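Observations on chain architecture
Next come the chains, spelled out residue by residue.
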Amino acid sequence: TALTLDMSAAGAATFNSNITFGDGHSIGNDADDNLQIASSSGENIIVKSAEAILLRTGGNTTALNLDSSQNATFAGSVTATSLDISGDIDVDGTTNLDTVDIDGPVNAAGAVTINGLLTANTGVVFNDGSADVDFRVESDGHAHMLFVDGGNNRVGIGGVVVPSDVLQVHSG
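Treat the numbers as computed from the prediction; the structure is a model and nothing was measured.

**Focus on the overall build of the protein chain**
Counting its secondary structure elements, the protein chain contains zero helices and 13 strands. When the helices and strands of the protein chain are placed in sequence order, the string is β-β-β-β-β-β-β-β-β-β-β-β-β. By the compact-globule yardstick of 16 Å for 172 residues, the protein chain is too spread out, its C-alpha radius of gyration being 31 Å. C-alpha atoms of the protein chain, sized along the principal axes, occupy 100 × 30 × 30 Å. Residues classed as buried in the protein chain amount to 12% of the 172 residues present. Contacts spanning at least 24 positions in sequence make up 0% of the contacts within the protein chain whose residues lie at least 6 apart. Looking at the protein chain as shown, the accessible area adds up to about 14,000 Å², and 50% of this sits on carbon and sulfur atoms.

In structure tokens:
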């Protein structure tokens, strides 16, 4: 029997195989006995009960995987007008952002390069941990226009490479 109808108050229709619609779309089981909703052009959704929900495009490529740990894995780009993230962001590769608005502290483990204007509307603290590191500002004519020697607690201005006193200014 291909179809069994329960005509009781609870009512149910039981199909012994997949349901195929006239346009080639179907609802049924895939080869691994997972629920599959498929289109005639190869796109499909597969529900792997306790494991995951997969959205596949033509050619059986998984475009989206929602796993049982509530993780979403996208095979391509995600385009959105707004994206709210309540946890951590781990980026492997390059991230191109037009505007970054960060409400909390920023902790960079490597070098940070800024190719535009850096504006600080409150205060800026360099070397808050009092490490033995130097700070240098270049000008058009001097590589050490402003130089802070963090290990010797000295400041040089005007191209002084190795300040000999707490503050040394070169005026030439």
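**Some points on the sheet that holds strand β12 (residues 154-157)**
Read across the sheet, four strands follow the order β10-β11-β12-β13 without closing on themselves; strand pairing throughout is mixed. At either margin of the open sheet sits one strand with a lone partner, and together these are β10 (135-137) and β13 (167-169). Across the sheet, the mean angle separating the axes of adjacent strands is 10° when strand polarity is ignored. The sheet contact formed by strand β11 (residues 146-149) and β12 spans four bridges and is antiparallel. Bridge pairing in β12 links Val148 to Val155.

**Describing the layout of surface pockets**
The calculated volume of the largest pocket comes to roughly 2,600 Å³. Along the wall of the largest pocket there are 40 residues; nearest its centre are Leu97, Val100, Asp101, Ile102 and Val106. With three residues, β10 is the single largest residue contributor to the lining of the largest pocket. Of the residues in the lining of the largest pocket, the class split is 22 nonpolar, 14 polar and four charged. In this structure, the second largest pocket encloses a volume near 150 Å³. The set of elements that each furnish at least two residues to the lining of the second largest pocket consists of β11 and β12. Its residues placed into classes, the lining of the second largest pocket shows five nonpolar, three polar and three charged.

**Considerations on the sheet that holds strand β7 (residues 52-57)**
One open sheet holds the seven strands; their spatial order is β3-β4-β5-β6-β7-β8-β9, and the pairing between them is antiparallel. Of all strands in the sheet, those bounded by a partner on one side alone are β3 (19-20) and β9 (72-74). Relative to strand β5 (residues 35-38), strand β4 (residues 26-29) is paired through four bridges, and the arrangement is antiparallel. Counted as the bridge partner of Gly28 is Gln36 from β5.

**Concerning the pattern of salt bridges**
For the structure shown, the criterion picks out one salt bridge. The salt bridge involving Arg136 is made with Glu138; its shortest N-O contact spans 2.6 Å. Given the relative accessible area of 41%, Arg136 is considered partly exposed. Exposure remark for Glu138: the relative accessible area of 52% places this residue in the exposed category.

**A closer look at the pairing of β12**
Here β11 folds back onto β12, and the loop between the two strands holds four residues, one of which, Asn153, carries a positive phi near 55°. Relative to β13, β12 is paired through three bridges, and the arrangement is parallel. Among the inter-strand pairings, Gly156 is bridged to a residue of β13, identified as Gln168.

**Some details on the pairing of β4**
With two bridges connecting them, β3 and β4 associate as antiparallel partners. For Thr20, the partnering residue across the bridge sits in β4 and is Ser26. Between β3 and β4, which pair antiparallel in sequence order, lie five residues; one of them, Gly24, sits at a positive phi of approximately 95°. What sits between β4 and β5 in their antiparallel hairpin is a turn of five residues, with Asp33 showing a positive phi close to 65°.

The rules behind the values
Throughout this description, residue numbers start from 1 for each chain and increase along the sequence as written. Totals for whole chains, interfaces and linings use all residues, but because this is a predicted model, local features are given only for residues with pLDDT of at least 70 and pairs of side-chain atoms are given and counted only at 80 or more. The side-chain numbers reported here are obtained from all heavy atoms of the structure, hydrogens and water having been left aside. Helix and strand labels come from DSSP, where a helix needs a run of H or I of at least four residues and a strand needs a run of E of at least two; each type is numbered from the N terminus. We take the radius of gyration over the C-alpha atoms and set the globule estimate at 2.2 Å times the residue count to the 0.38 power. The buried label applies to any residue whose accessible area, calculated with a 1.4 Å probe on protein chains only, is under 20% of its type's maximum; exposed applies above 50%, and partly exposed to all values in between. Any two residues whose heavy atoms approach within 4.5 Å at even a single point are treated as in contact. The Shrake-Rupley method, run with a 1.4 Å probe, gives the accessible areas here. Residue values count only the displayed protein chains as cover. By the convention used here, strands pair only if DSSP detects at least 2 bridges between them. Note on geometry: axes are lines fitted to C-alpha atoms, helical ones only across the stretch in contact, with angles between N-to-C directions running from 0 to 180 degrees. Using protein atoms alone on a 1 Å grid, points that fit a 1.4 Å probe yet trap it form a cavity, whereas open point sets bounded by protein on both sides within 12 Å along at least five of seven lines form a pocket; residues with an atom within 4 Å of a point count as lining. Grid points are joined across faces, edges and corners, and a volume is the space filled by probe spheres set on the points. Ten residue types, Ala, Val, Leu, Ile, Met, Phe, Trp, Tyr, Cys and Pro, are classed as nonpolar, four, Asp, Glu, Lys and Arg, as charged, and the remainder, Gly among them, as polar. Salt bridge criterion: a side-chain nitrogen from Lys or Arg within 4 Å of a carboxyl oxygen from Asp or Glu.

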